[in-house]
Amino acid sequence: NGFITTNFTNTKYTANATIYAKWTETGVTLPTATRAGYTFKGWATTNTATESEYTAGDQYIPKAEITLYAVWVDDIAPTKPVITNSSNGKWTNSNVKITIKATDEGSGIKEYQWYENGSWTTRALTTTNGVGTITYTANRNATIRFRAVDNMGNISEEATTEVKIDKTVPTVKVTMFDYNTFT
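How each quantity is defined
Residues numbered from 1 in each chain as written. Predicted model: local features only at pLDDT ≥ 70, side-chain atom pairs only at ≥ 80, totals over all residues. Heavy atoms only, no water. Phe/Tyr/Trp six-rings, centres within 6.5 Å; stacked < 30°, edge-to-face > 60°. Buried < 20%, exposed > 50% of the residue type's maximum accessible area, 1.4 Å probe, protein only. Lys NZ or Arg CZ within 6 Å of the ring centre and 35° of its normal. Core = buried A, V, L, I, M, F, W, Y, C linked by side-chain atoms within 4.5 Å. Helix = DSSP H or I, 4+ residues; strand = E, 2+ residues; numbered from the N terminus. Contact = heavy atoms within 4.5 Å. Pairing = 2+ DSSP bridges.

Taken as a whole and assessed by the stated rule, the structure comprises 5 aromatic pairs. For the ring pair phenylalanine 40 and tryptophan 43, a centre distance of 5.3 Å and an interplane angle of 70 degrees mean the geometry is edge-to-face. You'll find phenylalanine 40 and tryptophan 43 in the same group, each marked buried. Seen in terms of ring centroids, tyrosine 54 and tyrosine 60 are 4.9 Å apart; in terms of plane orientation they differ by 70 degrees. Their pairing is edge-to-face. Its relative accessible area of 24% is what places tyrosine 54 among the partly exposed residues. Taking relative accessible area as the criterion, tyrosine 60 reaches 10% and is therefore assigned buried. Positioned over the ring face of tyrosine 38 is arginine 35, at 4.1 Å from the centre of the ring. Over the face of the ring belonging to tyrosine 115 we find arginine 145, whose NZ or CZ atom lies 4.1 Å from the ring centre.

Right, dumping it as C-alpha coordinates:
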(Lines give C-alpha, C1' and ligand atoms only; values in the text may rest on other atoms or scores of the structure.)
Protein backbone atom coordinates (compact mmCIF):
# COMPACT_ATOMS: atom_id res chain seq x y z
CA ASN A 1 0.00 0.00 0.00
CA GLY A 2 0.99 3.64 -0.38
CA PHE A 3 2.14 6.38 1.94
CA ILE A 4 2.28 10.19 1.86
CA THR A 5 5.57 11.88 2.75
CA THR A 6 3.82 14.75 4.49
CA ASN A 7 0.63 15.11 6.45
CA PHE A 8 -1.34 17.82 4.61
CA THR A 9 -3.46 18.63 7.67
CA ASN A 10 -2.56 22.15 8.89
CA THR A 11 0.38 22.30 6.48
CA LYS A 12 1.02 25.59 4.67
CA TYR A 13 3.36 25.92 1.71
CA THR A 14 4.62 29.48 1.34
CA ALA A 15 7.05 28.90 -1.53
CA ASN A 16 7.55 26.45 -4.36
CA ALA A 17 7.52 22.94 -2.94
CA THR A 18 7.84 19.49 -4.41
CA ILE A 19 5.53 16.98 -2.83
CA TYR A 20 6.16 13.31 -3.46
CA ALA A 21 3.34 10.93 -2.76
CA LYS A 22 2.55 7.28 -3.25
CA TRP A 23 -1.05 6.28 -3.26
CA THR A 24 -3.44 3.43 -3.10
CA GLU A 25 -6.45 2.95 -5.31
CA THR A 26 -8.15 5.74 -3.35
CA GLY A 27 -5.55 8.32 -4.47
CA VAL A 28 -4.31 11.33 -2.59
CA THR A 29 -6.21 14.35 -1.25
CA LEU A 30 -4.85 17.54 -2.84
CA PRO A 31 -3.69 20.18 -0.32
CA THR A 32 -4.28 23.93 -0.16
CA ALA A 33 -1.23 26.10 -0.89
CA THR A 34 -0.58 29.66 0.32
CA ARG A 35 1.59 32.42 -1.10
CA ALA A 36 1.83 36.04 0.09
CA GLY A 37 0.00 38.43 -2.23
CA TYR A 38 -1.90 35.72 -4.11
CA THR A 39 -5.05 33.63 -3.86
CA PHE A 40 -4.73 29.90 -4.49
CA LYS A 41 -7.09 28.74 -7.25
CA GLY A 42 -6.21 25.04 -7.35
CA TRP A 43 -3.96 22.63 -9.22
CA ALA A 44 -3.12 22.18 -12.91
CA THR A 45 -0.93 19.88 -15.01
CA THR A 46 1.02 22.75 -16.65
CA ASN A 47 3.06 25.48 -14.99
CA THR A 48 1.54 28.17 -17.25
CA ALA A 49 -2.11 27.40 -16.44
CA THR A 50 -4.34 30.29 -15.47
CA GLU A 51 -7.30 28.08 -14.56
CA SER A 52 -7.19 25.11 -12.22
CA GLU A 53 -8.02 21.56 -13.24
CA TYR A 54 -8.30 20.31 -9.67
CA THR A 55 -9.23 21.98 -6.40
CA ALA A 56 -7.84 21.53 -2.91
CA GLY A 57 -9.57 18.66 -1.18
CA ASP A 58 -10.13 16.71 -4.40
CA GLN A 59 -9.19 13.04 -4.39
CA TYR A 60 -6.64 12.62 -7.16
CA ILE A 61 -5.73 9.22 -8.56
CA PRO A 62 -2.78 9.52 -10.96
CA LYS A 63 -2.45 6.96 -13.71
CA ALA A 64 1.28 7.67 -14.19
CA GLU A 65 4.00 9.95 -12.83
CA ILE A 66 2.74 13.52 -13.03
CA THR A 67 3.59 17.00 -11.73
CA LEU A 68 0.80 19.21 -10.48
CA TYR A 69 1.36 22.99 -10.32
CA ALA A 70 -0.35 25.48 -8.04
CA VAL A 71 -2.45 28.04 -9.92
CA TRP A 72 -2.29 31.51 -8.37
CA VAL A 73 -4.20 34.70 -8.97
CA ASP A 74 -3.00 38.08 -7.79
CA ASP A 75 -6.22 39.73 -6.67
CA ILE A 76 -4.73 41.87 -3.92
CA ALA A 77 -4.37 45.60 -4.60
CA PRO A 78 -1.09 47.44 -4.03
CA THR A 79 -0.74 49.51 -0.88
CA LYS A 80 -1.92 53.12 -0.88
CA PRO A 81 0.89 55.21 -2.40
CA VAL A 82 3.17 57.29 -0.22
CA ILE A 83 3.84 60.66 -1.86
CA THR A 84 6.90 62.88 -1.52
CA ASN A 85 6.31 66.46 -2.70
CA SER A 86 9.36 68.71 -3.19
CA SER A 87 7.34 71.77 -2.09
CA ASN A 88 5.53 69.95 0.73
CA GLY A 89 2.28 71.32 -0.69
CA LYS A 90 3.34 74.95 -0.14
CA TRP A 91 3.37 77.77 -2.68
CA THR A 92 6.50 77.94 -4.81
CA ASN A 93 7.78 79.67 -7.93
CA SER A 94 9.81 76.57 -8.90
CA ASN A 95 8.99 73.23 -10.50
CA VAL A 96 7.46 70.65 -8.15
CA LYS A 97 8.76 67.08 -8.27
CA ILE A 98 6.46 64.36 -6.97
CA THR A 99 7.68 60.88 -6.08
CA ILE A 100 5.16 58.08 -5.57
CA LYS A 101 5.89 54.73 -3.90
CA ALA A 102 3.64 51.78 -3.14
CA THR A 103 4.24 48.08 -2.55
CA ASP A 104 2.62 44.99 -3.99
CA GLU A 105 3.29 41.52 -2.59
CA GLY A 106 1.93 39.81 -5.68
CA SER A 107 2.75 40.62 -9.28
CA GLY A 108 4.55 43.91 -8.55
CA ILE A 109 3.89 47.55 -9.44
CA LYS A 110 3.23 48.12 -13.15
CA GLU A 111 2.62 51.88 -13.09
CA TYR A 112 1.31 54.89 -11.25
CA GLN A 113 -1.50 57.04 -12.57
CA TRP A 114 -2.73 60.54 -11.83
CA TYR A 115 -6.14 62.07 -12.41
CA GLU A 116 -6.17 64.77 -15.07
CA ASN A 117 -9.05 66.32 -17.02
CA GLY A 118 -11.63 63.77 -15.90
CA SER A 119 -9.66 60.55 -16.41
CA TRP A 120 -6.72 58.54 -15.10
CA THR A 121 -3.49 58.88 -17.07
CA THR A 122 0.20 58.09 -16.97
CA ARG A 123 1.05 61.17 -19.08
CA ALA A 124 4.38 62.67 -18.00
CA LEU A 125 4.61 60.16 -15.13
CA THR A 126 7.41 57.60 -15.26
CA THR A 127 7.65 54.39 -13.26
CA THR A 128 11.08 52.84 -12.67
CA ASN A 129 11.82 50.01 -10.24
CA GLY A 130 8.45 50.48 -8.55
CA VAL A 131 8.85 54.23 -7.99
CA GLY A 132 6.84 56.84 -9.90
CA THR A 133 7.99 60.39 -10.62
CA ILE A 134 6.42 63.41 -12.24
CA THR A 135 7.49 67.06 -12.33
CA TYR A 136 4.94 69.85 -12.58
CA THR A 137 6.27 72.99 -14.28
CA ALA A 138 3.22 75.14 -15.05
CA ASN A 139 1.27 77.44 -12.77
CA ARG A 140 -1.37 75.57 -10.83
CA ASN A 141 -3.18 75.40 -7.52
CA ALA A 142 -4.61 71.90 -7.36
CA THR A 143 -5.02 68.75 -5.35
CA ILE A 144 -3.49 65.95 -7.44
CA ARG A 145 -4.79 62.37 -7.05
CA PHE A 146 -2.50 59.37 -7.56
CA ARG A 147 -2.96 55.59 -7.50
CA ALA A 148 -0.85 52.48 -8.09
CA VAL A 149 -1.68 49.66 -10.52
CA ASP A 150 -0.06 46.24 -10.27
CA ASN A 151 0.83 43.91 -13.14
CA MET A 152 -2.53 42.12 -12.84
CA GLY A 153 -4.55 45.36 -13.02
CA ASN A 154 -5.38 45.63 -9.30
CA ILE A 155 -5.73 49.28 -8.25
CA SER A 156 -4.69 50.82 -4.93
CA GLU A 157 -6.51 53.39 -2.85
CA GLU A 158 -5.91 56.97 -3.96
CA ALA A 159 -3.41 59.31 -2.34
CA THR A 160 -3.36 63.08 -2.81
CA THR A 161 -0.98 66.02 -2.59
CA GLU A 162 -1.22 69.76 -3.15
CA VAL A 163 0.68 71.33 -6.05
CA LYS A 164 0.85 75.14 -5.82
CA ILE A 165 3.05 76.81 -8.41
CA ASP A 166 3.05 80.53 -9.24
CA LYS A 167 5.78 81.54 -11.69
CA THR A 168 4.02 84.72 -12.79
CA VAL A 169 6.29 87.70 -12.21
CA PRO A 170 4.44 90.44 -10.35
CA THR A 171 3.83 93.62 -12.34
CA VAL A 172 3.42 97.12 -11.06
CA LYS A 173 1.61 99.79 -13.01
CA VAL A 174 2.59 103.34 -12.19
CA THR A 175 0.32 106.12 -13.40
CA MET A 176 1.38 109.72 -13.18
CA PHE A 177 -1.44 112.25 -12.92
CA ASP A 178 0.72 115.26 -12.61
CA TYR A 179 4.30 116.04 -11.83
CA ASN A 180 4.24 114.98 -8.13
CA THR A 181 1.28 112.51 -7.88
CA PHE A 182 1.57 108.80 -8.53
CA THR A 183 -0.79 105.86 -8.03
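Still to come is the rest of the account.
Membership of the largest hydrophobic core comes to 15 residues, with the highest contact counts inside it found for Ile98, Tyr136 and Phe146. Where this core is concerned, the elements lending two or more residues are strand 7 (96-101), strand 8 (109-116), strand 11 (131-136), strand 12 (140-150) and strand 13 (159-165). Those residues in contact with isoleucine 98, other than ones at most four positions away along the chain, are Ile83, Thr84, Asn85, Gly132, Thr133, Ile134, Tyr136, Phe146, Thr161 and Val163. One finds Val28, Leu30, Phe40 and Tyr60 within the second-largest nonpolar core, a separate group that totals 6 residues.

So, on to the pairing of strand 13. Only one face of strand 13 is covered, namely the face carrying Ala159, Thr161, Val163 and Ile165; the face carrying Thr160, Glu162 and Lys164 is uncovered. With 2 bridges connecting them, strand 6 (residues 91-92) and strand 13 associate as parallel partners. Counterpart to tryptophan 91 in the pairing with strand 13 is lysine 164. The pairing of strand 12 with strand 13 spans 7 bridges and is classified as antiparallel. By the bridge assignment for strand 13, arginine 140 is matched with isoleucine 165.

On to the sheet that holds strand 9 (residues 119-121). Spatial strand order, 6-13-12-8-9: 5 strands in an open sheet with mixed pairing. A single partner strand is all that each edge strand has here, and the edge strands are strand 6 and strand 9. Here strand 8 runs beside strand 9; their pairing, made up of 3 bridges, is antiparallel. Bridge pairing in strand 9 places tyrosine 115 opposite tryptophan 120.

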